[in-house]
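# Report on the structure
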Amino acid sequence: ILAAQCFSCHADKVQMGGLRLDSREAALKGGKLGPALVPGDPAKSPLVQAVHYGGALKMPPAGKLKPEEIAVLERWVKEGAPW
């Protein structure tokens, strides 16, 4: 999901908002808004909040992920965001 939906704006060649999501270390370090992930806590993870389109930050900007994709990301973060 990250590779398909996020890497075009948040990987090695482009880091919009100073954020890279192509490694666990980079996601935990975060960008201008801080860490993208709080391993074990999807509710406190900005990446999960952004894909829900509930707050000011709505990602990916081209359109909301499918509910099953969001569920996979939430489960992944809940499990500690293993890489």
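Details of the structure are given in the entry above.
Parameters and conventions
- Per chain, residue numbering runs from 1 following the sequence as it is written.
- Local features in this predicted model are restricted to residues whose pLDDT is 70 or higher, and side-chain atom pairs enter the listing and the counts only when it is 80 or higher, whereas totals over whole chains, interfaces and linings include all residues.
- Side-chain descriptors were evaluated using all non-hydrogen atoms of the structure, hydrogens and water having been removed beforehand.
- Grouping buried Ala, Val, Leu, Ile, Met, Phe, Trp, Tyr and Cys residues that are joined through side-chain atoms within 4.5 Å yields what is termed a nonpolar core.
- The classification of residues rests on relative accessible area computed with a 1.4 Å probe and restricted to protein chains. Under 20% of the type maximum is buried, over 50% is exposed, and intermediate values are partly exposed.
- Counting from the N terminus, the helices are the DSSP runs of H or I reaching at least four residues and the strands are the DSSP runs of E reaching at least two.
- In this analysis, two residues are considered to be in contact whenever any of their non-hydrogen atoms come within 4.5 Å of each other.
- Between the first and last residue of a helix there are one fewer steps than residues, each counted as 1.5 Å, and that sum is the expected span.
- The arc in question is traced by the directions running from the helix axis to the C-beta atoms.
- Two cysteine sulfurs form a disulfide in these notes if their separation is within 2.5 Å.

Attention now moves to the nonpolar core. Among the nonpolar cores identified, the biggest contains 16 residues, and L2, L21, A36, L37, L47, L73 and W76 are the most heavily contacted of them. Counting only elements with at least two residues in this core, the list comes to helix 3 (46–51) and helix 4 (67–78). The element contributing the most residues to this core is helix 4, with four residues. Setting aside its immediate chain neighbours within four residues, L73 contacts I1, L2, L47, V51 and L65.

With that settled, consider the side chain of H10. Among the secondary structure elements, H10 is positioned in the loop between helix 1 (2–5) and helix 2 (24–29). Leaving out residues up to four positions away in the same chain, H10 has contacts with M16, L19, R20, L21 and D22.

Turning to unusual backbone geometry, a few remarks are in order. Residue P60 is bonded to the preceding M59 through a cis peptide linkage, with omega at -5°. Within the secondary structure layout, P60 lies in the loop between helix 3 and helix 4. For Y53, which is not glycine, the phi dihedral falls at a positive 60°. Of note, Y53 is situated in the loop between helix 3 and helix 4. The class of Y53 is partly exposed, set by a relative accessible area of 22%. The backbone of A81 sits at a positive phi, close to 55°, despite the residue not being glycine. With respect to the helices and strands, A81 occurs in the segment after helix 4. By relative accessible area, A81 is classed as buried at 0%.

Take helix 4 next. Taking 1.5 Å of rise per residue, the 12 residues of helix 4 would be expected to cover 16 Å, and the 16 Å separating its terminal C-alpha atoms lies within 8% of that figure. Turning to helix 4, its buried residues number three or more, namely I70, L73, W76 and V77. In an axial view of helix 4, the angular spread of the buried residues amounts to 125°, which keeps them on one side of the axis. Exposed residues on helix 4 whose side chains face more than 90 degrees from its buried face are P67, E68 and K78.

So, on to the state of the cysteines. Throughout the structure, instances matching the rule amount to zero disulfides. C6 forms no disulfide, and the closest cysteine sulfur to it belongs to C9, at a distance of 8.6 Å. A residue is classified by how much of its surface remains accessible, and C9, at 23% relative accessible area, is partly exposed.

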